Amino acid sequence: MLRLALMIAALVTVSACETAKGVGRDVEKAGRGIQRAF
């Protein structure tokens, strides 16, 4: 039971990191687009 809980926690942590990276890339692209507009 403890192993299952640890595995689930690890998966959630890894997926959260990937989500944060994706959001960071999107914000960076939006910033570049705004800079090009000016």
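Conventions we followed
- Position labels on residues start from 1 in each chain and follow its written sequence.
- Given that this is a predicted model, residues contribute local features only at a pLDDT of at least 70 and side-chain atom pairs are listed and counted only at 80 or more, while totals for whole chains, interfaces and linings are drawn from all residues.
- The side-chain quantities take in all heavy atoms of the structure and omit both hydrogens and water.
- Runs of E in the DSSP output that reach at least two residues are strands. Runs of H or I that reach at least four are helices, and both are numbered from the N terminus.
- Each residue is assigned to one of three classes by its accessible area relative to the maximum for its type, calculated with a 1.4 Å probe on protein chains only: buried under 20%, partly exposed between the two thresholds, exposed over 50%.
- Using the Shrake-Rupley algorithm and a 1.4 Å probe, accessible areas are obtained, with residue cover drawn only from the displayed protein chains.
- What makes a salt bridge here is a side-chain nitrogen of Lys or Arg within 4 Å of a carboxyl oxygen of Asp or Glu, nothing more.
- Patch definition: residues above 30% relative accessible area lacking any salt bridge, with like charges linked at up to 9 Å and the nonpolar side chains Val, Leu, Ile, Met, Phe, Trp and Tyr linked at up to 5 Å.

Peer 1: How should the overall build of the protein be read in this particular structure?
Peer 2: Summing up its helical and strand segments, the protein has one helix and zero strands in all. Split into buried and exposed, the 38 residues of the protein put 0% on the buried side. Here the protein displays about 3,700 Å² of accessible surface, and carbon together with sulfur accounts for 69% of that area.

Peer 1: Got a minute to help me understand the pattern of salt bridges in this structure?
Peer 2: If the charged atoms of two oppositely charged side chains come close together, the side chains can form a pair. All chains considered together, the criterion is met by one salt bridge. Here Arg 32 ties to Glu 28 by a salt bridge, and the two come within 2.5 Å at their closest N and O atoms. Of the two residues, Arg 32 and Glu 28 both sit in helix α1 (residues 2–37), four residues apart, roughly one turn of that helix. You can call Arg 32 partly exposed: its relative accessible area is 42%.

Peer 1: How should I be thinking about a nonpolar patch on the surface in this particular structure?
Peer 2: Residues Leu 4, Ile 8 and Val 12 make up a contiguous nonpolar surface patch of about 280 Å² in total accessible area. Here Val 12 lies in helix α1.

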